[in-house]
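Structure assessment
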Amino acid sequence: MPLPKISEARELSDEKLSDEIVAIKRQLFQLRLQKATRQLEKPHQFRQLRHRLAQLLTLETERKRAASQSAKEQK
């Protein structure tokens, strides 16, 4: 299964972006719980979810920096 593309994440609104970040953090918690109880069936999901989380957090940071930069330019 291929890793998700960041172009898909760039299409999300700010609200959906933050919702997806929270959802992925929950999924990672559930995977860690499954691993601890030896019920984990798909260990490759760790890599995919961490990759997606990194993409979303990077995009969120980019948007925050762009917003603060435009606020500085308006002053």
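- For the protein chain, the name recorded in an unreviewed UniProt entry is Large ribosomal subunit protein uL29, with Nostoc flagelliforme FACHB-838 as its organism.
- The UniProt entry for the protein chain carries the following text under Sequence similarities (unreviewed entry): "Belongs to the universal ribosomal protein uL29 family."

Considering the overall build of the protein chain
- In terms of helices and strands, the protein chain carries three helices and zero strands.
- Its helices and strands taken in sequence order, the protein chain reads α-α-α from the N to the C terminus.
- The C-alpha radius of gyration computed for the protein chain amounts to 16 Å, which surpasses the reference 11 Å derived for 75 residues by more than 25%, pointing to a less compact arrangement than a globule.
- The principal-axis extent of the C-alpha atoms belonging to the protein chain is close to 55 × 20 × 15 Å.

Regarding the packing of aromatic side chains
- A full pass over the atoms with the stated rule returns zero aromatic pairs.
- It is K35 that lies over the ring of F46; its NZ or CZ is 5.7 Å from the centre.

Describing the packing of helix α2 (residues 14–36) against helix α3 (residues 44–74)
- The N-to-C vectors of α2 and α3 enclose an angle of 150°; their axes lie 10 Å apart at closest approach. Taken together, the axis directions place α2 and α3 in an arrangement best described as roughly antiparallel. Relative to α3, the crossing made by α2 is left-handed. Counted together, D14, L17, S18, E20, I21, I24, K25, Q27, L28, L31, R32 and K35 of α2 and Q45, F46, L49, R50, R52, L53, L56, L57, L59, E60 and R63 of α3 form the full contact between these two elements.
- In terms of residue class, the contact of α2 with α3 is built from 11 nonpolar, three polar and nine charged.

What about α3?
- Its 31 residues give α3 an end-to-end C-alpha distance of 46 Å, which sits within 8% of 45 Å, the value for a rise of 1.5 Å per residue.
- When we look at burial in α3, the residues that qualify are F46, Q48, L49, R52, L53, Q55, L56 and L59.

Thresholds applied
- Residues numbered from 1 in each chain as written.
- Predicted model: local features only at pLDDT ≥ 70, side-chain atom pairs only at ≥ 80, totals over all residues.
- Heavy atoms only, no water.
- UniProt positions renumbered as here; feature names shortened; annotations may be inferred.
- Helix = DSSP H or I, 4+ residues; strand = E, 2+ residues; numbered from the N terminus.
- Rg over C-alpha atoms; globule rule 2.2 N^0.38 Å.
- Phe/Tyr/Trp six-rings, centres within 6.5 Å; stacked < 30°, edge-to-face > 60°.
- Lys NZ or Arg CZ within 6 Å of the ring centre and 35° of its normal.
- Axes fitted to C-alpha atoms, helices over the stretch in contact; angles between N-to-C directions.
- Parallel < 35°, antiparallel > 145°, perpendicular 65-115°, else oblique.
- Left-handed = near helix turned anticlockwise from the far one by under 90°.
- Contact = heavy atoms within 4.5 Å.
- Nonpolar A, V, L, I, M, F, W, Y, C, P; charged D, E, K, R; others polar.
- Expected span 1.5 Å × (residues − 1).
- Buried < 20%, exposed > 50% of the residue type's maximum accessible area, 1.4 Å probe, protein only.

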